[in-house]
Amino acid sequence: MAQVNQPLNQTKNDMPADGWVDKYMPVPVRPYLKLARMDRPIGTWLVLLPCWWSTAMASNGAPDWKMFVLFAIGALVMRGAGCVVNDLADRNYDGKVERTATRPIPSGQIKIWQAFAFLGLLLLIGLAVLVQFRIEAIIVGICSLPLVFTYPFMKRITYWPQAFLGLTFNWGAFVGWAAVTGTIAPAAVAMYVAGVFWTLGYDTIYAHQDKEDDIKIGVKSLALRLGDATPQWALGFYCVTTALLAVSGGLAGLHWVYFPLLALSCLHLVWQVRTVNIDDAANCLKRFKSNRDFALLVTASIIIANIVGHSGAF
């Protein structure tokens, strides 16, 4: 199908045609699955894991696996909704960026009204998941919607859109805590802020993939603001992340075993900074995706510390 905008080039196409969507899904639904990034789960992981952190930390012992499943479904559809909002907002930019030119909206595979209808469907599914939780969690979850709908426009007005992404992606730290306890404790606040700084680090690394195109089309990012100093800033962001995750565990009264496990987990962040090459898009993407592993290690650290603490083993 003819493209709406002429791309700069397509050497970094982020809509490959050899994934499971193109291999196994019916042709009519493929553009919608790609619009929601169902074929690239890293974003879902980054939305989901702060939910798991807070759910696990607020629990007495092992967390409720049913909550974990509900949050996984909710993260999948709400991340998809966020991608639709982002692509609608960026429809006049994506066709001019080599990495995004073949996305469903700029390439003409999905019309604007179809994207809005799909967005409505995703939001309804997300609401159906949210109402499975207690009323306090429902209210907290709904409060995230202004962030979901405003984040895509931040790159037009500030060099710090990564901060707004952090505010959005880590909102699950509040929802998970409210789902378990019906409140938002200081430990949840510390965890949320830790997540924001974590996002500042990983998404700035991610943004270096698009820095040349961003300059040409006039959008902003921390990759452009920080430039060659990105690794040093990322290390600083990650140090704050580590400190605040430790504070969160301390405020929650986690067993002492959490802290050495957290320290081991955060060595992964050190690896990211020491090995990142901000002029190599593939290198940046690999470091960005590796944050799922870091967050899973933190999740395991919280669960182990809670189980040990409530078992009386030490």
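Residues numbered from 1 in each chain as written. Predicted model: local features only at pLDDT ≥ 70, side-chain atom pairs only at ≥ 80, totals over all residues. Heavy atoms only, no water.

When helices and strands are counted, the protein shows 17 helices and 0 strands. Computed over C-alpha atoms, the radius of gyration of the protein comes to 20 Å, within 12% of the 20 Å expected from 2.2 N^0.38 for 314 residues, which places it in the range of a compact globule. Its C-alpha atoms give the protein principal-axis dimensions of about 65 × 45 × 35 Å. Taking all 314 residues of the protein together, the buried fraction comes to 54%. In the protein, of all internal contacts separated by at least 6 residues, the share reaching a separation of at least 24 is 74%. Carbon together with sulfur atoms contributes 67% to the accessible area of the protein, which is approximately 13,800 Å² in total. Taken as two groups, the 25 positive and 19 negative side-chain charges of the protein have centres that lie 2 Å from each other. (Helix = DSSP H or I, 4+ residues; strand = E, 2+ residues; numbered from the N terminus. Rg over C-alpha atoms; globule rule 2.2 N^0.38 Å. Buried < 20%, exposed > 50% of the residue type's maximum accessible area, 1.4 Å probe, protein only. Contact = heavy atoms within 4.5 Å. Areas by Shrake-Rupley, 256 points an atom, 1.4 Å probe, with all protein chains shown as cover. Lys, Arg positive; Asp, Glu negative; His and termini not counted. Charge placed at Lys NZ, Arg CZ, Asp CG, Glu CD.)

Let us now look at the packing of helix α15 (residues 258-275) against helix α17 (residues 291-311). Closest axis-to-axis distance for the α15/α17 pair is 9 Å, and the angle between their directions is 175°. Accordingly, the angle class assigned to the pair α15 and α17 is roughly antiparallel. Taken together, the residues of α17 that come into contact with α15 (itself represented by Tyr 258, Leu 261, Leu 262, Ser 265, Cys 266, His 268, Leu 269 and Gln 272) are Asn 291, Asp 293, Phe 294, Leu 297, Val 298, Ser 301, Ile 302, Ile 304 and Ala 305. Among the residues forming the contact of α15 with α17, the class breakdown is 11 nonpolar, 5 polar and 1 charged. (Axes fitted to C-alpha atoms, helices over the stretch in contact; angles between N-to-C directions. Parallel < 35°, antiparallel > 145°, perpendicular 65-115°, else oblique. Nonpolar A, V, L, I, M, F, W, Y, C, P; charged D, E, K, R; others polar.)

As a further point, take the side chain of Asp 210. When you line up the elements, Asp 210 lands in the loop between α11 (186-207) and α12 (211-217). Excluding its chain neighbours within four sequence positions, the residues that come into contact with Asp 210 are Val 97 and Arg 99.

Within the element layout of this structure, Ser 221 appears in the loop between α12 and α13 (222-226). Beyond its immediate chain neighbours, meaning those up to four positions away, Ser 221 contacts Tyr 159, Pro 161, Gln 162, Ala 207 and Asp 214.

For the protein, per-residue confidence averages 91 on the pLDDT scale, and residues scoring 70 or more make up 93% of the total. The least confident element of the protein is helix α5 (residues 91-94), whose mean pLDDT is 76; the most confident is helix α14 (residues 230-252), at 98. Here residues 1-11 scores under 50 on pLDDT; set against residues more than four positions off or in separate chains, the count is 28 contacts. (pLDDT = per-residue confidence, 0-100.)

Glancing now at α15. The terminal C-alpha atoms of α15, which comprises 18 residues, lie 27 Å apart, in line with the 26 Å expected from a rise of 1.5 Å per residue. As for α15, its buried residues are in contact with α3 (42-58), α11, α14, α16 (281-289) and α17. (Expected span 1.5 Å × (residues − 1).)

Next up on the list: α16. Looking only at α16, the buried set comprises Asn 283, Cys 284, Arg 287 and Phe 288. Angular distribution of buried residues about the axis of α16 spans 135°; they occupy a single face of the element. Structural note: α16 exposes Ala 282 and Lys 286 on the side pointing more than 90 degrees away from its buried face. Contact partners of the buried residues in α16: α3, α11, α15 and α17. Residue Asp 280 occupies the N-cap position of α16, its side-chain oxygen lying 3.1 Å from the main-chain nitrogen of Ala 282. (Arc of directions from axis to C-beta. Polar contact = N/O pair within 3.5 Å; in protein donor to acceptor, adjacent residues only side chain to side chain.)

Right, let's talk about the nonpolar core for a bit. Core analysis: the largest hydrophobic core is formed by 63 residues, its most contacted members being Trp 53, Trp 198 and Leu 245. Every residue in contact with Trp 53, bar those within four places of it in the chain, is listed here: Met 191, Trp 198, Leu 245, Phe 294, Ala 295, Val 298, Thr 299 and Ile 302. Counting 16 residues, the second largest nonpolar core, distinct from the first, contains Val 77, Ala 81, Ala 115 and Phe 118. (Core = buried A, V, L, I, M, F, W, Y, C linked by side-chain atoms within 4.5 Å.)

It is worth spelling out the packing of helix α9 (residues 161-169) against α11 at this point. A pair of packed helices is characterised by two quantities: the angle between their axes and the separation of those axes. With their axes 8 Å apart at the nearest point, α9 and α11 run at an angle of 130° to one another. One finds that α9 runs oblique with respect to α11. Crossing angle aside, the handedness with which α9 passes α11 is right-handed. Touching Gln 162, Ala 163, Leu 165, Gly 166, Leu 167 and Phe 169 of α9 are Tyr 192, Val 196, Thr 199, Leu 200, Tyr 202, Asp 203, Thr 204 and Ala 207, all from α11. Its residues assigned to classes, the contact of α9 with α11 shows 9 nonpolar, 4 polar and 1 charged. (Left-handed = near helix turned anticlockwise from the far one by under 90°.)

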